[in-house]
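Analysis of the macromolecular model
One-letter residues, chain by chain:
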Amino acid sequence: GYPDAYETGDIIEGLPEEEMADTKVFHAGTAEKDGHIVTAGGRVLCVTALGDSVTEAQQKAYALVDRISWKNMQYRKDIAYRAIAREQKD
């Protein structure tokens, strides 16, 4: 919804139930309601990952993003593209 108003209170599905060593989901615009994690603000989550290369880390992060969903979810699809282009030149 940015820069306009955005809906809140949507249940977020697919969040990892356990922490993993190579991925992490940081919560920003979330809240807990009736035992569910719900949207509560603009930039809701930040999904990160580690890998042996930038390409591998990006693939792991986007694989996790693909498991997460809520109504009208949007996410950037260009994260790390410059670093990956540099990595591919080497």
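Residues numbered from 1 in each chain as written. Predicted model: local features only at pLDDT ≥ 70, side-chain atom pairs only at ≥ 80, totals over all residues. Heavy atoms only, no water.

A tally of regular secondary structure across the protein chain gives two helices and four strands. Beginning at the N terminus, the succession of helices and strands in the protein chain can be written as β-β-β-β-α-α. With respect to the principal axes defined by its C-alpha atoms, the protein chain has extents near 50 × 35 × 15 Å. When contacts within the protein chain are restricted to residue pairs at least 6 apart in sequence, those whose partners lie at least 24 apart make up 53%. Of the roughly 6800 Å² that the protein chain leaves accessible, carbon and sulfur atoms contribute 49%. Across the protein chain, the centroid of the 11 positively charged side chains sits 8 Å from that of the 16 negatively charged ones. (Helix = DSSP H or I, 4+ residues; strand = E, 2+ residues; numbered from the N terminus. Contact = heavy atoms within 4.5 Å. Areas by Shrake-Rupley, 256 points an atom, 1.4 Å probe, with all protein chains shown as cover. Lys, Arg positive; Asp, Glu negative; His and termini not counted. Charge placed at Lys NZ, Arg CZ, Asp CG, Glu CD.)

Residues Ile 12, Leu 15, Val 25, Val 44, Leu 64, Ile 68 and Trp 70 constitute the largest nonpolar core, which totals seven residues. Beyond its immediate sequence surroundings of up to four residues, Val 25 is in contact with Leu 15, Pro 16, Leu 45, Cys 46, Val 47, Leu 64 and Ile 68. (Core = buried A, V, L, I, M, F, W, Y, C linked by side-chain atoms within 4.5 Å. Buried < 20%, exposed > 50% of the residue type's maximum accessible area, 1.4 Å probe, protein only.)

Position of Gln 58 relative to the elements: it lies in helix α1 (residues 54-65). Each C-alpha atom of the pair Gln 58 and Val 47 lies 9.9 Å from the other, and the pair is 11 residues apart in sequence.

This brings us to the packing of α1 against helix α2 (residues 81-89). Each pair of packed helices can be summarised by the angle the axes make with each other and by the distance between the axes. It is the contact of α1 with α2, at a shortest axis distance of 9 Å, that shows an interaxial angle of 140 degrees. With respect to α2, the element α1 is oriented oblique. Contacts from Val 54, Thr 55 and Gln 58 of α1 reach α2 at Ala 83, Ile 84 and Glu 87. (Axes fitted to C-alpha atoms, helices over the stretch in contact; angles between N-to-C directions. Parallel < 35°, antiparallel > 145°, perpendicular 65-115°, else oblique.)

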